[in-house]
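# Summary of the model geometry
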Amino acid sequence: MDQVLFQWGQFLTLLIIAFALSMDAFSLGIGVGMVGIRLREIIKVSITIGLFHIMMPIIGIVVGAYLSDLVGDIAVFIGGGVLMIIGLHMLWNGFVQGDQKSVLKTKGFGLMLFALSVSLDAFTVGFSFGLIEVNRILAISLFGIMGATMSYFGLLLGRSVGGWLGDYSELVGGLILFGFGLKFII
């Protein structure tokens, strides 16, 4: 009986952690979705973020098994910097290019940067899981599923809100991403 309670307790704990890690994917997805994004792109971005939420903790676990807690603060600064750069790029596109929509976050290297920036905190959690005893397969699975699901809903919500804002949606999205990046650094 105690073993069953421990397993359910660990599952709930990991589920809460996965939810917390996916909240920035949700909130940043709102900012990206405001630009005007097709459903096919939403699915592609969500799957990519889910895969990064699987890959980054695995890398973190490997690094955490061999290193000390040196990496934690560096990852947060890198993630914040990347988000600020993406936000500035969206602001630049909103002011300079006018009617052309930014595709930085949903294609190629921009998609990888966006997925990496929202998954860096999963790296640091994976790093700590490399130092402690936890059901790693369950944790990584929950991180991937929750990251993909929350980014999907954030992108959908942002797409509907972006329709209300019209031409200003890219500026608002850029401000949101820049603000979150600044928040991570400060």
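Residues numbered from 1 in each chain as written. Predicted model: local features only at pLDDT ≥ 70, side-chain atom pairs only at ≥ 80, totals over all residues. Heavy atoms only, no water.

### Some details on the overall build of the protein chain
When helices and strands are counted, the protein chain shows six helices and zero strands. Put simply, the protein chain runs from its N terminus to its C terminus through helices and strands in the order α-α-α-α-α-α. Looking at the protein chain as a whole, 46% of its 186 residues qualify as buried. Expressed as a percentage of contacts within the protein chain between residues at least 6 apart in sequence, the contacts between residues at least 24 apart total 92%. Accessible area for the protein chain stands at about 9,600 Å²; split by element, carbon and sulfur atoms hold 74% of it. (Helix = DSSP H or I, 4+ residues; strand = E, 2+ residues; numbered from the N terminus. Buried < 20%, exposed > 50% of the residue type's maximum accessible area, 1.4 Å probe, protein only. Contact = heavy atoms within 4.5 Å. Areas by Shrake-Rupley, 256 points an atom, 1.4 Å probe, with all protein chains shown as cover.)

### Some details on the packing of aromatic side chains
The tally for this structure, following the rule as stated, stands at two aromatic pairs. On the basis of an interplanar angle of 85° and a centroid distance of 5.8 Å, the ring pair of tryptophan 8 and phenylalanine 11 is categorised as edge-to-face. Of the two residues, tryptophan 8 and phenylalanine 11 are both situated in helix α1 (residues 2–33); the distance of three residues between them amounts to about one turn of the helix. By relative accessible area, which is 53% here, tryptophan 8 ends up exposed. On the basis of relative accessibility, which here comes to 26%, the residue phenylalanine 11 falls in the partly exposed class. Relative to phenylalanine 153, the ring of tyrosine 152 lies with its centre 5.5 Å away and its plane at 75°, an arrangement referred to as edge-to-face. Take phenylalanine 153: its relative accessible area is 44%, and that puts it in the partly exposed class. (Phe/Tyr/Trp six-rings, centres within 6.5 Å; stacked < 30°, edge-to-face > 60°.)

### Description of the confidence of the model for the protein chain
Scored by pLDDT, the protein chain comes out at a mean of 77, with 75% of its residues at no less than 70. Within the model, the stretch residues 99–104 combines pLDDT values under 50 with 14 contacts to residues more than four positions away or in other chains. (pLDDT = per-residue confidence, 0-100.)

### Focus: a nonpolar patch on the surface
Side chains of Leu39, Ile43, Ile47, Leu51, Ile54, Ile58 and Val62 sit close together on the surface and give an oily, nonpolar patch of about 580 Å² of accessible area. Position of leucine 39 among the secondary structure elements: in helix α2 (residues 39–66). The partly exposed category is assigned to leucine 39, whose relative accessible area is 39%. (Patch = residues over 30% accessible without salt bridge, like charges linked within 9 Å, V, L, I, M, F, W, Y side chains within 5 Å. Salt bridge = Lys/Arg side-chain N within 4 Å of Asp/Glu carboxyl O.)

### Details of the side chain of threonine 48
In this fold, threonine 48 is placed in helix α2. Among the polar contacts listed, one links the side chain of threonine 48 to the backbone oxygen of lysine 44, at a separation of 2.8 Å. Excluding residues within four positions of it along the chain, threonine 48 makes contact with Leu111, Met112 and Ala115. (Polar contact = N/O pair within 3.5 Å; in protein donor to acceptor, adjacent residues only side chain to side chain.)

### Notes on helix α4 (residues 108–129)
Under the 1.5 Å per step criterion, the end-to-end length of α4 is 30 Å for 22 residues, consistent within 8% with the ideal 32 Å. At serine 119, α4 shows its maximal kink, close to 45°. (Expected span 1.5 Å × (residues − 1). Bend = angle between axes of the 7 residues up to and from the residue.)

### A few points about the environment of methionine 56
Inspection of the secondary structure assignment puts methionine 56 in helix α2. Along the backbone, methionine 56 and phenylalanine 143 are 87 residues apart, and their C-alpha atoms lie at a distance of 9.8 Å. Discounting residues that sit within four places of it in the chain, methionine 56 has contacts with Leu116, Ser119, Leu120, Ala122 and Phe123.

### Thoughts on the nonpolar core
One finds Val45, Ile49, Phe114, Phe129 and Phe143 to be the most contacted residues of the largest nonpolar core, which totals 32 residues. Only α1, α2, α3 (72–97), α4 and α5 (136–165) provide two or more residues apiece to this core. At nine residues, the largest contribution of residues to this core is made by α4. (Core = buried A, V, L, I, M, F, W, Y, C linked by side-chain atoms within 4.5 Å.)

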